[in-house]
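# Working through the structure, step by step
Each chain, written out:
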Amino acid sequence: MPRPVNGREAASTYSNSIGFIFIFNLIVGTGALTLPGAFARAGWLLSLIVIVLLAIISYMTVTFIIEAMACANAIRNWQMLQALRQSRSSAESSENDENADEVSLASGDQVGDFERVPLTIQNREFHYYQLSHKFELGEMATLFFNEFGRIMFYLCLIVYLYGDLSIYSAAVARSLRDVACDQINGTDPNNLMYWPGDFKNNTARPCWKEHTISRLSMYRVFLIGFTLIFGPFVAFNVQKTKYLQILTGAFRWIAFTLMICISLKLLLTNGPRGHPATFNLHGIPSLFGSCVYSFMCHHSLPSLLAPLKHKSMVSKILSLDYIIICAFYILLAMTGIFAFERIEDLYTLDFLPYDLEYIDFWSGLMICIDYFLALFPIFTLSTSFPIVAITLKNNLQALFLDMSQYDSYSPFVRLLFPLCAIIPPFCVTYFTESLSSLVAFTGSYAGTGIQYLIPVFLVYYSRRTCSELLGSGVVNRFQSPFKSSGWLVFVLIWSYLCAFLVSINLFS
């Protein structure tokens, strides 16, 4: 018997076109900035094959999440229907009609919901399987998994969020360091900025010619400052507002459009300066991690599905999103690897104005654009960092504390979890600035768990639970097109194989 569940109604709805935009903005994020560097290391042809394949598998597991969420709604409706039957049975056995009316009224809004649940077999699949109530991944894991599965889910999500915060911290600190320090001609093969995470050389290389402070020291100064400024927000329940989402979304699309246009202009005026390999298997770890990280939306998808007005179109909306996003990623990466001789692991750093001088209005505009692109990760990640840190803190508390008794815990315990959310990412990024390594590890391991393994196990156990409760005659209209168990086995084998190959390349 599944646990009692209480899904949450969507507060408002939006059209399919707005839902398409929201899902598009959810998927396309900072991970896209690591793709050109990953393409350059793995080779352009191998990268094309891998990104298309991973896009298809990511879409496949998104449909698993949708089906599992519909199953969670079906279980909720089934439990409500059982409660209604018991309520009606009690009311009918009562001799006092007034008491019977009181029992019905005491059921509150539930009775109104129950009245809309017909008992006829021909309609029950429509009313059981819905997406109207939001079930987060953690709620579905609690509903369908046993205690061990629930703990493993939270551990996987927590590791992924730790990786997220580490990537954010390193990206902001590196961007600030490389903008503030002296800039060298980007075509110089001895330019050490193009060797990500090279602590030996960054320790010896001064940030400015007239000072002895090293580039590594400046990176750590900016990292400490960033953590001290934005770290305390984890102690509060700050929510990302609609207007902040619009602002960061506008910055994101202005930046991506400018990067593609500048790369195309360089290709048309100077010809291809980059000569990437066709295949390079040693670049697989960073490529796989970047692709998984760039297509990640599974942990936030339920929040966007519930308010969607026409939910029967959700599969078509997502498929269109994935097709356009995959094409956009390929355009961004392919123009970059052929336009630039060397590619940074954070693509925005390739647009630093190394050899531009202010001559007229247009040269000044280009310098402003280059600085905007170089500082772009700082604008967007600084607003996302507190949100991710708060999410991590909440998941740590959900795993280790009884949240119903939260007020009874001591102030030390309450302070411990915000510190546990901030300190580990700071320690990791203090000793490494290699974004490619951070993305490879986060995407290849924790990202594989969130994007591949958890959806497979969720849809498997949700199908089994609904089959036991509702029978096989009730059809889930939100069932994944990949409904065969063979697809589940394929995704599992693919996940373990990729993690194994990445581990060999990463640690060899």
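Residues numbered from 1 in each chain as written. Predicted model: local features only at pLDDT ≥ 70, side-chain atom pairs only at ≥ 80, totals over all residues. Heavy atoms only, no water.

Moving on: the overall build of the chain. What the chain contains, in helices and strands, is 18 helices and 2 strands. Per-residue burial over the chain gives 52% buried out of 508 residues. If you take every contact in the chain between residues at least 6 apart in sequence, the share linking residues at least 24 apart comes to 87%. (Helix = DSSP H or I, 4+ residues; strand = E, 2+ residues; numbered from the N terminus. Buried < 20%, exposed > 50% of the residue type's maximum accessible area, 1.4 Å probe, protein only. Contact = heavy atoms within 4.5 Å.)

Let us now look at helix α10 (residues 215-230). Taking 1.5 Å as the rise per residue, α10 with 16 residues should run 22 Å; its terminal C-alpha atoms sit 22 Å apart, in good agreement. Here α10 has its buried residues at Arg215, Leu216, Met218, Tyr219, Arg220, Leu223, Phe226 and Thr227. (Expected span 1.5 Å × (residues − 1).)

Glancing now at a nonpolar patch on the surface. Residues Phe148, Ile151, Met152 and Leu155 make up a contiguous nonpolar surface patch of about 380 Å² in total accessible area. Following the sequence through the fold, Ile151 ends up in helix α8 (residues 147-180). Residue classification places Ile151 among the partly exposed residues on the basis of a relative accessible area of 32%. (Patch = residues over 30% accessible without salt bridge, like charges linked within 9 Å, V, L, I, M, F, W, Y side chains within 5 Å. Areas by Shrake-Rupley, 256 points an atom, 1.4 Å probe, with all protein chains shown as cover. Salt bridge = Lys/Arg side-chain N within 4 Å of Asp/Glu carboxyl O.)

The subject of this paragraph is the packing of helix α12 (residues 284-294) against helix α17 (residues 435-470). Running from N to C, α12 and α17 point in directions that differ by 55°, and their axes come no closer than 7 Å. Judged on the interaxial angle alone, α17 and α12 are oblique. Between α12 and α17 lies a crossing of left-handed hand. Residues Pro285, Ser286, Phe288, Gly289, Ser290, Val292 and Tyr293 of α12 touch α17, and the partners they reach there are Ser436, Val439, Ala440, Gly443, Ser444, Gly447, Thr448, Gln451 and Tyr452. Grouping the amino acids of the contact of α12 with α17 by side-chain chemistry returns 7 nonpolar, 9 polar and no charged. (Axes fitted to C-alpha atoms, helices over the stretch in contact; angles between N-to-C directions. Parallel < 35°, antiparallel > 145°, perpendicular 65-115°, else oblique. Left-handed = near helix turned anticlockwise from the far one by under 90°. Nonpolar A, V, L, I, M, F, W, Y, C, P; charged D, E, K, R; others polar.)

Scanning all chains against the criterion turns up 1 disulfide. Between the sulfur atoms of Cys181 and its disulfide partner Cys207 the distance amounts to 1.7 Å. Residues Cys181 and Cys207 share a disulfide whose torsion about the S-S bond is about -100°; that sign makes it left-handed. Separated by 26 residues along the polypeptide, Cys181 in the loop between α8 and α9 (199-204) and Cys207 in the loop between α9 and α10 bring together distant segments of the chain. (Disulfide = S-S within 2.5 Å.)

Let us look at the pattern of salt bridges. In this structure the tally under the stated criterion is 8 salt bridges. The salt bridge involving Asp178 is made with Arg177; its shortest N-O contact spans 2.5 Å. Residue Asp178 is classed as buried on the basis of its relative accessible area of 0%. Two residues, Glu433 and Arg177, come together in a salt bridge whose shortest N-O distance is 2.7 Å. Of this pair, Glu433 sits in the loop between α16 (411-431) and α17 while Arg177 sits in helix α8; the two residues are 256 residues apart in sequence, bridging distant segments of the chain. We classify Arg177 as buried; its relative accessible area is 1%. Linked by salt bridges that have partners in common, Arg174, Arg177, Asp178, Arg215, Glu344, Asp345 and Glu433 make up one network.

Attention now moves to the packing of aromatic side chains. Evaluated as defined, the whole model comprises 29 aromatic pairs. Judged by centre distance (6.0 Å) and plane angle (80°), the ring pair of Phe251 and Phe372 falls under edge-to-face. Separated by 121 residues along the polypeptide, Phe251 in helix α11 (residues 242-270) and Phe372 in helix α15 (residues 361-400) bring together distant segments of the chain. For the ring pair Phe256 and Phe376, a centre distance of 6.1 Å and an interplane angle of 70° mean the geometry is edge-to-face. Here Phe256 is found in helix α11, whereas its partner Phe376 is found in helix α15, with 120 residues between them in sequence. With relative accessibility at 1%, the residue Phe256 sits in the buried group. Taking relative accessible area as the criterion, Phe376 reaches 3% and is therefore assigned buried. Sitting above the plane of the Tyr430 ring, Arg220 keeps its charged end 4.3 Å from the centroid. (Phe/Tyr/Trp six-rings, centres within 6.5 Å; stacked < 30°, edge-to-face > 60°. Lys NZ or Arg CZ within 6 Å of the ring centre and 35° of its normal.)

Turning our attention to the confidence of the model for the chain. Confidence in the prediction of the chain, expressed as mean pLDDT, is 81, and 83% of residues score 70 or more. Here residues 7-11 scores under 50 on pLDDT; set against residues more than four positions off or in separate chains, the count is 14 contacts. Segment residues 185-199 is flagged for pLDDT under 50; beyond a separation of four residues in sequence, or across chains, it makes 38 contacts in the model. (pLDDT = per-residue confidence, 0-100.)

This part is about the packing of helix α1 (residues 16-27) against helix α14 (residues 314-339). Viewed as axis vectors pointing N to C, α1 and α14 meet at an angle of 45°, and their least axial separation amounts to 10 Å. Relative to α14, the element α1 is oriented oblique. Of the two elements, α1 crosses α14, and the hand of that crossing is right-handed. On α14, the residues that touch Asn16, Phe20, Ile23, Phe24 and Ile27 of α1 are Ile317, Leu318, Leu320, Asp321, Tyr322, Ile324, Ile325 and Tyr329. Class assignment for the residues of the contact of α1 with α14 results in 11 nonpolar, 1 polar and 1 charged.

Bringing the environment of Phe230 into the picture now. Checked against the element boundaries, Phe230 lands in helix α10. When the C-alpha positions of Phe230 and Ala389 are compared, they lie 9.6 Å apart, and in sequence the two are 159 residues distant. In this structure Phe230 touches Ser382, Phe385 and Pro386, once residues within four positions along its chain are discounted.

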